[in-house]
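The primary structure of each chain is shown beneath.
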Amino acid sequence: MNKLVYMFSVLSLVLIMQGCKAGGSQNANANGSYESLAVADFAKIIGDSDVQLLDVRTSGEYMQGNIDGSVNIDIKEEYFNDSAACLLDKSRCVAVYCRSGRRSKIAASRLVEMGFKVVELDKGYNAWVEDAKK
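Since we're looking at a predicted model, the values are computed, not measured. Residue positions are counted from 1 within each chain, in the order its sequence is given. In view of the model being predicted, local features appear only for residues whose pLDDT reaches at least 70, and side-chain atom pairs are presented and counted only at 80 or more, with totals across whole chains, interfaces and linings using the full set of residues. Hydrogens and water molecules were not included; the side-chain quantities draw on all heavy atoms of the structure.

### A few points about the confidence of the model for the chain
Mean pLDDT over the chain works out to 84, with 76% of the residues at or above the 70 mark. Every residue gets a pLDDT, meaning the predictor's confidence in that residue, from 0 to 100. By definition in these notes, contact holds between two residues if any of their heavy atoms fall within 4.5 Å. Between residues 21–31, whose pLDDT stays under 50, and residues either more than four places distant or in other chains, the model counts 19 contacts.

In structure tokens, the structure reads:
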């Protein structure tokens, strides 16, 4: 059973990465959704230099610690959509995260509505930091 779950996880990750790399819609379902990924899968995705990493926390939270290479656009600010449209490339996958995963899910939905291909870090930066401690 564990082997089957592992194989399914690997297959899912490969399909997501192909969607991000090829500009396809593997990570965006027919209904315009995004994939929420566990830390290990998110880390693999952002290892691709073509993936755009977006932190949607406040600037204060961002300054306290962030994932290297991320751009900060606060989802709570009224300029979020305009900034995202200006700073991000729709032809490249966006990997989005926040503190706990709540705001990044909101941001991911908004980005998908704007036409971006999106993956999201489930449980957010908190999970990222906890995983790094292991």
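Let's pick the thread back up.
### What about the packing of helix α2 (residues 39–46) against helix α6 (residues 124–133)?
For the pair α2 and α6, the least separation of the axes is 10 Å and the interaxial angle reads 95°. Our classification of the angle between α2 and α6 gives roughly perpendicular. Residues Val39, Phe42, Ala43 and Ile46 of α2 touch α6, and the partners they reach there are Ala127, Trp128 and Asp131. Any residue outside Ala, Val, Leu, Ile, Met, Phe, Trp, Tyr, Cys, Pro, Asp, Glu, Lys and Arg is labelled polar, Gly included; the first ten of those are nonpolar and the last four are charged. Here the contact of α2 with α6 is built from residues that sort into 6 nonpolar, no polar and 1 charged. Note on geometry: axes are C-alpha line fits, over the in-contact stretch for helices, and angles between N-to-C directions span 0 to 180 degrees. Only runs of H or I of at least four residues qualify as helices and only runs of E of at least two qualify as strands under DSSP, and these elements are numbered from the N terminus. An angle counts as roughly parallel when it lies under 35 degrees, as roughly antiparallel when it exceeds 145, as roughly perpendicular when it falls between 65 and 115, and as oblique in every other case.

### Some points on the nonpolar core
In this structure, Leu54, Val56, Phe80, Leu111 and Val118 are the most contacted members of the largest nonpolar core, which totals 18 residues. At 4 residues, helix α5 (residues 102–113) tops the list of elements feeding residues into this core. Other than its neighbours up to four places away in sequence, Leu111 contacts Leu54, Phe80, Ala84, Leu88, Val94, Phe116 and Val118. By nonpolar core we mean a set of buried residues, namely Ala, Val, Leu, Ile, Met, Phe, Trp, Tyr and Cys, connected to one another through side-chain atoms within 4.5 Å. The rule is simple: take the accessible area with a 1.4 Å probe, protein chains only, and divide by the maximum for that residue type; under 20% is buried, over 50% is exposed, in between is partly exposed. Counting residues in hydrophobic clusters, the runner-up holds 15 residues, among them Leu37, Phe42, Tyr97 and Leu121.

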